Structure formats: structure tokens, C-alpha cells
Amino acid sequence: MSEAPSGNEYREQRLANLAALQEMGYPSYGCAFTRTGTLAELRETFEEGRAVTAAARLSTIRDMGKSIFADLRDGSDRFQVYVQKKELGEEAFKAFKLLDLGDQVGVEGELFITRTGEPTLKVAKWTLLSKALLPPPEKWHGLKDVEMRYRQRYLDLVGNPEVRELFNKRSALIREIRRYLSERDFIEVETPMLQAQAGGAAAKPFVTHYGALGSDVYLRIAPELYLKRLLVGGFDKVFELNRNFRNEGLDRTHNPEFTMLEIYEAFSDVNGMRELIQGMIIHVAETVFGTLSVGEGDTALDLTPPWREATYHELVRERMGADWFDLSLDDARTKAEAAGLDLDPEWDRLLVTHEVYEKMIEPSLQQPTFVTRLPARLVPLAKACPDDSSLVDVFELVIRGQEVAPAYTEMNDPIEQRRRFMEQAGEDETKIDQDFVTALEHGMPPAGGMGVGIDRLMMILSGAEAIRDVILFPQLKQKG
RNA sequence: GGGCCGUUAGCUCAGUUGGCUAGAGCACUUGACUUUUAAUCAAGGGGUCCCGGGUUCGACCCCCGGACGGCCUACCA
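Calculation criteria
Residues numbered from 1 in each chain as written. Chains lettered and ligands numbered in written order. Predicted model: local features only at pLDDT ≥ 70, side-chain atom pairs only at ≥ 80, totals over all residues. Heavy atoms only, no water. Domains from an automatic or database assignment. Near = heavy atom within 4 Å. Polar contact = N/O pair within 3.5 Å; in protein donor to acceptor, adjacent residues only side chain to side chain. Helix = DSSP H or I, 4+ residues; strand = E, 2+ residues; numbered from the N terminus. Pairing = 2+ DSSP bridges. Axes fitted to C-alpha atoms, helices over the stretch in contact; angles between N-to-C directions. Buried < 20%, exposed > 50% of the residue type's maximum accessible area, 1.4 Å probe, protein only.

Caption draft 1: View of the domain arrangement of chain A. Domains assigned within chain A are domain 1 (9–136) and domain 2 (158–307 + 367–470). Relative to domain 2, the C-alpha centre of domain 1 lies at a distance of 48 Å.

Written out as C-alpha cells, the structure reads:
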């Protein structure tokens, strides 16, 4: 959007109006202006005859010759102002007519109620705070063009109040999460985003170069390994709420940078995490969205506790038959393919089962479900179940078919952790974060840990269909 | 990465089996109007029909290539 907007008739006209205003002694870009309050506050505290000031953007103008009605709009509300020639005088009235839709103005005057019952500010004095050289989006339909909504989000916010409302809620959601955690004595910490090794998850990282050290560094894909170092250091209830970066596909539920909440609590475990996440989601649903139900009809979501809990094996058997885990690889493969799955010939028994889970089970879990006891090989940073070393003591919270929060009883045995890393790295020791293993060797307390995808949580609670609708500036291809 | 669809005025959208000067509403300009609220009434201006090439007497429309976007799919601890 860098092309010069010259030749635009609207811009030319507005520049002419600006020049005319300047000639009449009106500065075109004002400075600080003291408001009685936002437009919403003005409406809430309305009192006929009260003298007030207000500042906002002009959103509609109804010019009736010797008097003008106009609507101001800010992020909070809309409020009508009334401008009369005999009240303002010839000069100021004439100058007011040089204002355009989208201009930021400051006004001063008394409140009154019009014949039709509309609370209104009668303007005694006005000042231009900022001249808009380009016109706002269409006043009735708003801005629809999806690409422009994302690329020029400010226009989306100006033209579509419901979009602003959604992002107000996102801000409130993040605030309530922080409140919820700090009330429970968790402290918020910041750990490196530039890492020598991108650990804590399996995803392609973004690589960048650090000139001063002459070495490549990675943007983090997860903060996990640093937060666990803090457990070793004696911080026993920590969380980090910030961006992760993953160099992978872009679709309805993936953005390369996304907001992740990670929480670790020493001397707790996966059960502690379950209590915490259920309480936290209910808290934000109630305080921010005012309800525990989202949407209507077949896809309606009910967050009323307790939430369903089912083991990975139970869910797979439920879907594929009670004998699924007794089948040979070939029989399982045949059955899965018959169910419509496309399987990689390299996959072993466990991966075939996992494909069934990811493609056929997870997407079908609409209501909140804690899926527990996952195969150990899939989760190298979690501790084994006490009664079965092939399974790990974890859950994945799935809502509306999306994984919202994985939680573990964290692995704190350095010898076992090193063995699992080796298994995953295929003996390539350079891929292993040795300092992290060293930290474990200094003794990490038993702990529960959890990650929560904030964008996805926001999608679920707001009913948004696309992650781009809950991220202010989502990633798009560059034009050109 | 693959498939399908879309891109027309500043914005929201019509439209043409390939044919005269490409339309509407909002917005803009001019005029009227001192209680309107999507103000109203009258007149007017405004277009690289996404870009490039091709077919044709003639292309916004058909064909080929490209850009960007959307949906699906693939990838994805």
C-alpha cells in the first residue's frame, strides 16, 4: 500500500479543504485535547445542560443549510453533535463545513436532547485535531474486502465496530488470564526468544543471524526448556505469555507467530494442571464473554464442568473397535485405510494409530475433553505413567476439534530425559540441548506443566472461524 | 505443494451467449433546507473492469501465463 495516492479525487478535495481551513486560521493537526470522557462515558453520565468537551472522529454529517447534525465515533460509542450557524457565528460555521468524514475533531458545548429524543452535544466551539486526507470505508456496509481488512486493519477497526469489540475481548481475556494466575501466586517471567537451539517442540524454526557473535540463532518454537530451568532454579510457579514462531504452513488455524501461554508448577502434576486449566477457561468465559455456552445448534459448545476425560486408548477403541490394539500392523493398516485414511507405508503400528487419532478422533471432539495417557514416544518431555511405562502421564485438552492445551507431568529424570532425546534425535547429539539436561542433573522438582494456545482459545470462546480474525495483523504474502 | 473459486468507481455490489457511451447505493462536487439520525430533494463529476500476452472485425466477458486473496487439500509433537 505504498503507492502515492495522488490523483485521487477525494484526496485532492480534502487537501483543498485543508488549505481553505488553514487560510481561515485553523491549524490542521492539533495537539492534546482534554475530554470530559469517552463518548460512552458522555452517554452514561448524560445530564441536560451540562457543559462538556469531546474528541473523536466524524463518522456522519447531515448538513441542513444553517444547521448541521454530525455523529462522532470513537472506540467506545457514537455521539451526536449539533452545529448551528447562529450559535457559532458565520466564520466558524463556514469552516465547519470544510470538515470531512474521518476528520478528528474536538468539540465543546452543552448537552441537550433533541425533539426526537437523541442525546446531543450543542457545539459552542470546535477545533480540528487531525485532517483525514483519505475517505473512511463505506458507512453502512463497513469494510468487507477480506484482504484489505487484514492488510489495513485500522480501516477494519474504524469501519467495523464488532471487530474492535472482538479485540477488546482478546485484551480482556489476556488480562483475566494474568489475573487468574497471579491470584494463585504464579509469577510471569520472560525467557529467550532468540535461542541457539530451538527446543521444546518439534517444528521448523525461523533462522536468523546474530552479527555480533557471528552465529545463527533461532526464533523460539517454545519456551519450555527455559521455564524448566527456572524450576531447577527454585521458581516454583511460573508462567510466560508471549509469542512463539514456527516456520510452517499458513491456514485457518495456523499463523507463523502465535501467542502461547506456558505454565509450570513445582510439586504438582498433570492433575493439578487439569484443575488449573478448567478453572482458568471457565473464569475467562464468564468474566470476558459472560457465558459458558458458545454458539447454537449442532456446534454449540457447553463449558459447564466437569469436562469429559477419556484415555487415548479408549477413544481409539471407541472409534476403531475393541480389538484395535490386538490387530497386527497389516490388519490395522487395512482397517484404517478402509475407514478412509491415507497412510504412509513407513509408519509403524503406533503411527498408524496416531493418524487415526488425529484425523478421525480429535476433530470429532466438540465438547471439552481431556485426552489422557498418550503413547510415550509421542511426548519426549513427559513422565511415564506409574503403572505403564509405554504411556505418559499427560492430557491434551481438545475443544471444538482443536488441541487447545497439552499438559504433562514433567519428566525430571535427567538420565531418562537424555535417553528420550537420543531416541528422538536419532543419535545426532548436536540436536540435544545439553545445558537443559545439565540443568536436570542439578535436580528439577517434580512438576506439572502446560501450554495453552491463546489464539485458538480466543477462536473457541468467540466463535471465530479463522485465526486471522483474532490476530490484529495476521501474516499475509507481500504484495508485488 | 495441489485443486476449485474470486478480483468491475474511494467503499459495498450489479452486469454482458463476444457488440453502441460499463451501471446502482454510499461517498464526492454544485444548489435548496435551522431538530436530522443510512437526513431529504435537484443537478453533476468520477473506471488501467487485477497485470501481461493471445484469439477476434470487435474482449470487462473466451484462451494462455502471472500477482494477490478465499475455500478445500497436503504438510504439521
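The rest of the description comes next.
Caption draft 2: Focus on the protein's contact with RNA strand B. Around RNA strand B, the surrounding shell holds 47 residues, and the nearest of these are Thr 116, Lys 139, Glu 147, Gln 424 and Arg 468. Within the side chain of Gln 84, a nitrogen or oxygen atom sits 2.7 Å from a base oxygen of RNA strand B. Between Glu 248 and RNA strand B, the recorded distance is 3.1 Å, taken from a side-chain N or O atom to a sugar or linking oxygen. Elements with a minimum of two residues in the surface near RNA strand B: helix 1 (9–23), strand 1 (51–63), strand 2 (67–73), strand 3 (78–84) and helix 5 (146–151).

Caption draft 3: Spotlight on the sheet that holds strand 1. Within the closed barrel, the five strands sit side by side as 1-2-3-5-4. Their pairing is mixed. Taken pair by pair, the neighbouring strands of this sheet meet at an average axis angle of 55°, ignoring direction. Across six bridges, strand 1 lies against strand 2 in antiparallel orientation. Across the sheet, residue Leu 58 finds its bridge partner in strand 2, namely Leu 72.

Caption draft 4: Molecular detail of unusual backbone geometry. The residue after Pro 305, namely Pro 306, is reached through a cis peptide bond having omega 0°. When you line up the elements, Pro 306 lands in the loop between strand 13 (301–302) and strand 14 (308–311). Although it is not a glycine, Phe 267 sits at a positive phi angle of roughly 65°. Backbone geometry places Arg 373, a non-glycine residue, at a positive phi of 55°. Take Arg 373: it is sitting in strand 15 (residues 369–375). Classification of Arg 373 by relative accessible area gives partly exposed; the value is 26%.

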